[in-house]
Number of protein chains: 4
Amino acid sequence: MKVGIVGATGYGGLELMRLLHNHQKVKKIKLFTSSDEGEIFSQKYGHLKKLYDQPLEKIDAKALAQLDIVFTSTPSGISSKLLPPLLNGTTKFIDLSGDFRLKNLEDYERWYKKDAAPSDAVEQSVYGLSEWNKEEIEEASLIANPGCYPTAVLLSLLPLIKENLIHVNGLVIDAKSGISGAGNKPSMITHFSETNENTAIYKIHEHQHIPEIEQAMKMFANNHSPITFTTTLVPMTRGILATSYAQITSGTTEEQLYNCLVNQYHNNPFVRIVKETTKFGTNQVYGSNFCDIHVKVDLRTGRATIVSVIDNLVKGAAGQAIQNMNIQFGFDETAGLMQVPLYI
Amino acid sequence: MKVGIVGATGYGGLELMRLLHNHQKVKKIKLFTSSDEGEIFSQKYGHLKKLYDQPLEKIDAKALAQLDIVFTSTPSGISSKLLPPLLNGTTKFIDLSGDFRLKNLEDYERWYKKDAAPSDAVEQSVYGLSEWNKEEIEEASLIANPGCYPTAVLLSLLPLIKENLIHVNGLVIDAKSGISGAGNKPSMITHFSETNENTAIYKIHEHQHIPEIEQAMKMFANNHSPITFTTTLVPMTRGILATSYAQITSGTTEEQLYNCLVNQYHNNPFVRIVKETTKFGTNQVYGSNFCDIHVKVDLRTGRATIVSVIDNLVKGAAGQAIQNMNIQFGFDETAGLMQVPLYI
Amino acid sequence: MKVGIVGATGYGGLELMRLLHNHQKVKKIKLFTSSDEGEIFSQKYGHLKKLYDQPLEKIDAKALAQLDIVFTSTPSGISSKLLPPLLNGTTKFIDLSGDFRLKNLEDYERWYKKDAAPSDAVEQSVYGLSEWNKEEIEEASLIANPGCYPTAVLLSLLPLIKENLIHVNGLVIDAKSGISGAGNKPSMITHFSETNENTAIYKIHEHQHIPEIEQAMKMFANNHSPITFTTTLVPMTRGILATSYAQITSGTTEEQLYNCLVNQYHNNPFVRIVKETTKFGTNQVYGSNFCDIHVKVDLRTGRATIVSVIDNLVKGAAGQAIQNMNIQFGFDETAGLMQVPLYI
Amino acid sequence: MKVGIVGATGYGGLELMRLLHNHQKVKKIKLFTSSDEGEIFSQKYGHLKKLYDQPLEKIDAKALAQLDIVFTSTPSGISSKLLPPLLNGTTKFIDLSGDFRLKNLEDYERWYKKDAAPSDAVEQSVYGLSEWNKEEIEEASLIANPGCYPTAVLLSLLPLIKENLIHVNGLVIDAKSGISGAGNKPSMITHFSETNENTAIYKIHEHQHIPEIEQAMKMFANNHSPITFTTTLVPMTRGILATSYAQITSGTTEEQLYNCLVNQYHNNPFVRIVKETTKFGTNQVYGSNFCDIHVKVDLRTGRATIVSVIDNLVKGAAGQAIQNMNIQFGFDETAGLMQVPLYI
């Protein structure tokens, strides 16, 4: 397998390189970037010395077309232009940006405030929520890899919505995220002294992952409703904890919710349903491709609190992308990904 | 003013000492503890050298009765036994524990899993939410100082509930807190390596601040309903960010919600209503007695997201306690408390 | 007192505002900046709402000349141009940058890689190490406020060098600092995801505070030698811990070193000598103007380890500047500054 | 290979489990503990669900004797009693505690303040500094795995001492460590609120790793002298940055020091010599078995500053232990260990 990473210098790209390094089917990884062309990569990022001592290459359509698979981990608005001309070749593409996720182009333009990708490319793309879309992923030549927040939210809610155990109407989702999701471009939002010892809410009701979540609820659970969704930044690097609040349907018990999740994911190696817990946190999945889910019913209010945790850079980005590659190419779904979380 | 602090070695006690040190009406501070009796305080806590180089004293009812005011900052179940016999004297008491907050003794025993205080003492106590209960606080000899979460939640929601701008039915409150709220007793929950780089949810639906919030909604806004309330620990020391989700009543606009809050707190020095913000966080109030509030309506869902931040050790504990003392004794409400937040 | 702050939007400026807010002699504070002119300051920095709701003013020589005292907290190379023309007026100046610290102009140009200030202005300036230069500070119209590292290092070493208890030759100084010392300009060095969970050494042997330390050793202890000095960034916002290693002179005991420090600072309110400690850290002085010092002799090697901690933004910058103002104007040296450290 | 871990519930044990999980030669891992016997391990540590869903076993000499290799990751004073009776069997042992490191039993008792292991067991043990003791490690039945600080210090200094490029006399070593080195037992030293936003020095001149470093300098570089060694705790979980200060020998250049290191480690996969750097930090090796080294000469003082970084739980403990197992059993030295550092 010859693999390319476009946007190698970003955090998504770095994480792809970390995980692919131990993937036994991957023989060669080429690194592309729009800047620092020709620079030895391990001189820019010292942690890669002895691992990726190779020059960064200029993004070049021809070079990409000669690879088996290309991951694009670029800011919004890049891959929508780069990839469409290449889709008729033999190379498979997995795009980690949001450019091909929203089937409704107006939604893209409204939430991303950028031009949408060409409609035929968007139509052709397959939404890469690995546990829910395997058959399409197997056949896909272009995968729109899900966003970090949607992954955490959808894996925990889709089974319960599909089985009609919770009301989709009135859903409130409060997601907390580490700072790495903001990427590697310095700004006041990510400046250490402003971010450390600070928990802050931002983009209230305006996050571009909102339409993605709603679209997937419709797509996979055949039910949706506008969600209230907020995102809070917490002073850590990795991890998302998403807390969802839903009215349970009449007569539903905590046991039923738990069993529904267990049954849904029984054969999925990366989703773990946690029953008893005094504390349920992001460190349980740190550095790994796991998604852990916990559900608890409040009998006083008839509402369920559903909590899920992922590593935003792994299951929320690079890990799920590799999981999708494994599915596409018929490898073991866990190839290169079955790592023990760091925890500490 | 001769002041006593019972439980001086806990974080609540330390913060009282920090803030009272610059209070111009306070001449003498005596420190009481159930352990380390006789020890020079600044040898236990080096940061107090040259500031509190005095011995800790044994808790002694007679000694307390000779003071003008005593703050009890003790674990649940201590002040409920210590204070009742002292309530007929001239000393005023402000209790920072939860022992006198819940008027319904069964609620206390259910949520705290301890014996309740004597009913006459509980009846006599005044709930010290400074901005909402000034007249009673002025006359009180025993103040039940509010919990940290209730303070953040109630200040932001009470005006909107009272004015019938949001539905109290269906309220969801997702509160995030730094670790100092767990006190200074080491445990796995507060062990650095388990807590750092970790965001974790705990005590889902079971926090003892739930009945306190519901009681105060009834008391001050004459309306209440069971709330869904969760608490998430984030890896920082100080600060609470409480995010509340409420259905707005028919026809209500964001402007109305904002104006309601501005009008309510127009004359309150410590509550700040923030209109425009790209990021709204706990560092805005770090080390200060401020509570900042922001509200935003989601037109897609007809729901309002109301966010408030406090320093849990100041406005959520020691600062509000001193504010209450100021009100009780007729001092300027801001005496000793008008400090600029550290921010960085 | 009418006070001006030039560079109000930087972290030094913010800290001046925090501390001056409670200074009883300060009636009016004007804020100057080279950017954001006209903007209401508390809209830029939300934590200042209700405290500094005033517009930023353009830096203007005439406006500065009408104030009693002006603090310049600007990047290197600004005050060296701004202040010299104003030095003949009645306004006193305290410069928090390095522009007037080095008496040898070539040293400035070599270490700062910028043009030095005019020589007469540099000559006129007084080095504001409060505890060591009070008489000159009282008379000064221009004070060069010491750097953060030099303050921590000099306060701990000067007494021992002056009394010939340690050898100045062979001194090794290993200083650790929080990130706020790097200011508020975003960069990869201060980007949260690169800085969190990372301890990193930078500018080895090249820090511009090296000549400042050596100059002050000569100035105050009449002895100096090239020092080995490194700086390590640790993942916290505030605080410096400086560890110095020195050969003790023949026959010197730990007791003598301790007593020397105690005697030197007996009448200095902000310097605390700590004898026994299991752990000695920056949180002991967090948010305060204290400098804590601890010394320990290693009999196996005949070497002393001298450790000092300060809050880099307070004693290492704004706090010491205000202490100098107090000395200049004949106020109590502790006015506005005797605050209890936050510790937690 | 059947592997046992004694002390599985500690951080050393957890890290062994993390790394061994992907080691292709390891088929079965048995977990032993002195507490929680019978408990399903993944119920205690949720991050291990689906990975180690097996019960903890009681420490039992017979069970250990049936394994191919046993790692003991226990507090001081345990393995010195557990292992000696087992040393004549076929099982190989790698002890991660300090019990077998010091050949001089009096040194052990003086620095550890505990009874030493039996002298014949200590004599038989091989010091497992992988890069420096391969031949002995290959033959060893009991390996004393090096301490975290000694690993970081020795790898960076031994080549320079051996080649006589720096003076061993007068060495100053200032090591900074994350908190995980203190293990998983809660205490005030590791309590989040006391540790976060705090850099603190502890055990000045008294750390038990001092005699280990001096012994290894004699053993591998045939030269030693009492060192001055201090340890500073910084608010992060993983990582050690050790800064060593040494007088260079006459005529030595930075280039020579650099080349000496490069030559020494040319064939060692886990040691990386870094030439140019603006910032050199622990995140370069986070989660990996790498040790990165940087050296810089200060011409003003004739002194070299040598900096090294490791992950204390990997190269400083579990990683090096597995590297030693690989050497003992003739596996590829990097088996299970060639992972890309997390960096972010």
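Undergrad: Which residues make up the interface of chain C and chain D, and what are the values?
TA: Contact residues are listed per partner, giving 56 residues for chain C and 56 residues for chain D. For the pair chain C and chain D, the summed buried area comes to about 4600 Å², and 53% of that belongs to carbon and sulfur atoms. Looking only at chain C, the three residues that lose the most surface to chain D are E197, K279 and R300 of chain C, adding up to 17% of its buried area. Connecting chain C to chain D are 4 salt bridges. Across the pair E214 of chain C and R300 of chain D runs a salt bridge, and its minimum N-O distance is 2.5 Å. Applying the counting criterion to the chain C and chain D interface returns 35 residue pairs in polar contact (both at pLDDT 80 or more). Sheet topology note: the strand β9 (residues 200-202) of chain C/strand β13 (residues 279-281) of chain D ladder contains 3 bridges and is antiparallel.

Undergrad: Describe in detail the packing of helix α1 (residues 11-20) of chain C against helix α12 (residues 314-329) of chain C, supporting the description with residues and values.
TA: Residue and element names in this part refer to chain C. Interhelical geometry of α1 versus α12 gives an angle of 50° and a closest axis separation of 9 Å. The angle between the axes of α1 and α12 places the two elements in the oblique class. At the point where α1 passes α12, the crossing takes the right-handed sense. Residues G12, E15, L16, R18, L19 and L20 of α1 touch α12, and the partners they reach there are V314, A318, G319, A321, I322 and M325. In terms of residue class, the contact of α1 with α12 is made up of 8 nonpolar, 2 polar and 2 charged.

Undergrad: Describe the packing of helix α5 (residues 105-112) of chain C against helix α10 (residues 209-221) of chain C, listing the residues and the values that go with them.
TA: All names here are of chain C. Running from N to C, α5 and α10 point in directions that differ by 150°, and their axes come no closer than 9 Å. Overall, the two elements α5 and α10 adopt an arrangement that is roughly antiparallel. Across the interface between the two elements, D107, W111 and Y112 of α5 pack against H209, I210, P211 and E212 of α10. Of the residues contributing to the contact of α5 with α10, the split by class is 4 nonpolar, 1 polar and 2 charged.

What counts and how
- Residues numbered from 1 in each chain as written.
- Chains lettered and ligands numbered in written order.
- Predicted model: local features only at pLDDT ≥ 70, side-chain atom pairs only at ≥ 80, totals over all residues.
- Heavy atoms only, no water.
- Contact = heavy atoms within 4.5 Å.
- Buried area = accessible area lost by both parts, 1.4 Å probe.
- Salt bridge = Lys/Arg side-chain N within 4 Å of Asp/Glu carboxyl O.
- Polar contact = N/O pair within 3.5 Å; in protein donor to acceptor, adjacent residues only side chain to side chain.
- Pairing = 2+ DSSP bridges.
- Helix = DSSP H or I, 4+ residues; strand = E, 2+ residues; numbered from the N terminus.
- Axes fitted to C-alpha atoms, helices over the stretch in contact; angles between N-to-C directions.
- Parallel < 35°, antiparallel > 145°, perpendicular 65-115°, else oblique.
- Left-handed = near helix turned anticlockwise from the far one by under 90°.
- Nonpolar A, V, L, I, M, F, W, Y, C, P; charged D, E, K, R; others polar.

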